[in-house]
Amino acid sequence: MKAIILGAGISGISLAHFLQDNKKIKKITILEKDKSPGGLLRSFNYKGIAYDVGPHIIFSKYKEILEKNITMLGKNIQTLKRSNKIIYKNKYIKFPFENELYKLPKKDLEYCINTFLNNPFEKYDYQNMIQFFYKMFGEGITRIYLEPYNRKIWKFDPSFMDTQMVERIPKPPKKDIINSSKGIVTEGYKHQLFFQYPKSKGIQALFDVYKNSLNQKNNILLNQKIKFVKKEKKNFVISTNNKILKSDILLSTIPLNEFCEIYSGTPENILNISKKLKFNSIIICLINIKGEFGGNNFAFMVPDKDIIFHRISKLDFLGKNYSHSKTTTFLVEITFRKGDYISKLKNKEIIDKIHQGLVKLKFSRNKNNINFYQIKKFQYAYVIYDLMHRYNVDKILNFFKKEKIYHGGRCGSWEYLNSDQVIFQSKKIIEKLMKSI
């Protein structure tokens, strides 16, 4: 049998990786619209520093996937201890926010403690993200950090987002909150306390080992823009800008909304639903600053609405291959959506706003401090879990399930998945596929 995979990001490559050993499969063709594979799991190199599309790390609750990733990377792997901070009124608050409340100004500390210990929302059921925060953390922690940060990153009102993204967040025990207010610090999210990262080449190194694991059954075709996909009896016909291919099996990792547009058999009601799917685009900026800033920390969450970026990562934390002497290299992230004011900014305006934020955070003194920078934009970054997400996505995927088309990846299945979750999902998709043929 012949299989075609649409998209050569980590989802498409890992699908091929798990599919290639099956004797029923004669050939696998991967079609990629860009001139290079990688999707969101790629790295760029500028002035000798590798940087990702946002700061990726390697960790997983799926032990088999974590061990597989570490084994495949071999000697190019290191273990690091998380040191992430939330910057609030120029104070570094240890992540997660509720674990270092004693660092807050007295008025804010009392607000957070009192509204957590005497929380009138505790007995209510939650229906959306903001209600979840009020119920689990109280008014103070919600209004000071959780609500402004989530408004900033999602560019969407949390009262119109469901709880799929946050339900896994545990409610902190009252004892921990009281201790936190007294300076007795605990570790939150212990499963993420240690993580792995490539010693060199950025997260691209992880993508590359999966790509290099593909055997001769696989053929990656680049610069292939999909014009249409149609089903003929039990087979699929895929037309690109310069090829027409046929396959017995079709797996798609391209954005679900775009697939609905190119599939000739998509009914009007499914097409209409696909147009309601919401997502954020992202701007990333590598910026190198004279001097050393940020201490021995990695990621900084920035809830301040007057600063354009929501998160900034100090790449020097990742080791000598991500650092220049006597400087600090940051990776800045800014979410946006087509048509909003950020999407209309020119690169010079973006770097000006980024630098204003760096100065406010005391990560730079003046514009003469900038040694170099590079800005890149990506259309698909974050899936937005609005209140209709689950209904809309299930409706679309159930239709394609009947068509025997498999969808994977963050944008292909329209789920907010990290790379380990994508690889795990690929494994499960192939296991299910092979049982059906």
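Anyway, here's the lowdown on the structure attached to this text. (Residues numbered from 1 in each chain as written. Predicted model: local features only at pLDDT ≥ 70, side-chain atom pairs only at ≥ 80, totals over all residues. Heavy atoms only, no water.)

### Notes on empty space enclosed by the protein
Here comes step 1: Considering all chains together, one arrives at 1 cavity of 30 Å³ or more under this definition.
Here comes step 2: Lining the largest cavity are Asp52, Pro55, His56, Tyr197, Phe298, Leu315, Leu318 and Leu331.
Here comes step 3: Across the lining of the largest cavity, the residue classes tally to 6 nonpolar, 1 polar and 1 charged. (1 Å grid on protein atoms, 1.4 Å probe; cavity = no way out; pocket = protein on both sides within 12 Å on 5 of 7 lines; lining within 4 Å. Points joined across faces, edges and corners; volume = space filled by probe spheres on them. Nonpolar A, V, L, I, M, F, W, Y, C, P; charged D, E, K, R; others polar.)

### A few points about helix α5 (residues 174-182)
Here comes step 1: Considered for burial, the residues of α5 that qualify are Ile177, Asn179 and Ser180. Angularly, the buried residues of α5 cover 165 degrees about the axis, an arc narrow enough to put them on a single face. For α5, the exposed residues set more than 90 degrees away from the buried face come down to Lys175 and Lys182.
Here comes step 2: Along its buried surface, α5 packs onto α3 (106-117) and α4 (129-154). (Buried < 20%, exposed > 50% of the residue type's maximum accessible area, 1.4 Å probe, protein only. Helix = DSSP H or I, 4+ residues; strand = E, 2+ residues; numbered from the N terminus. Arc of directions from axis to C-beta. Contact = heavy atoms within 4.5 Å.)

### A closer look at the side chain of Asn76
Here comes step 1: With respect to the helices and strands, Asn76 occurs in the loop between α2 (63-73) and β5 (78-81).
Here comes step 2: Owing to a relative accessible area of 18%, Asn76 belongs among the buried residues under this scheme.
Here comes step 3: A distance of 2.9 Å separates a polar atom in the side chain of Asn76 from the backbone nitrogen of Lys199.
Here comes step 4: Those residues within four positions of Asn76 in sequence are excluded, and the remaining contacts are Pro198, Lys199, Ser200 and Ala205. (Polar contact = N/O pair within 3.5 Å; in protein donor to acceptor, adjacent residues only side chain to side chain.)

### Observations regarding the packing of aromatic side chains
Here comes step 1: Applying the stated criterion across every chain, the model contains 26 aromatic pairs.
Here comes step 2: Ring plane angle 75 degrees and centroid distance 5.0 Å describe the contact between Phe259 and Phe400, whose orientation is recorded as edge-to-face. With Phe259 in helix α7 (residues 256-262) and Phe400 in helix α10 (residues 389-402), the pair connects residues that are 141 residues apart, well separated along the chain.
Here comes step 3: Taking the centre distance of 6.0 Å and the plane angle of 90 degrees together, the rings of Phe279 and Trp414 count as edge-to-face. (Phe/Tyr/Trp six-rings, centres within 6.5 Å; stacked < 30°, edge-to-face > 60°.)

So, to be careful, I would describe these as geometric facts and stop short of saying anything about function.
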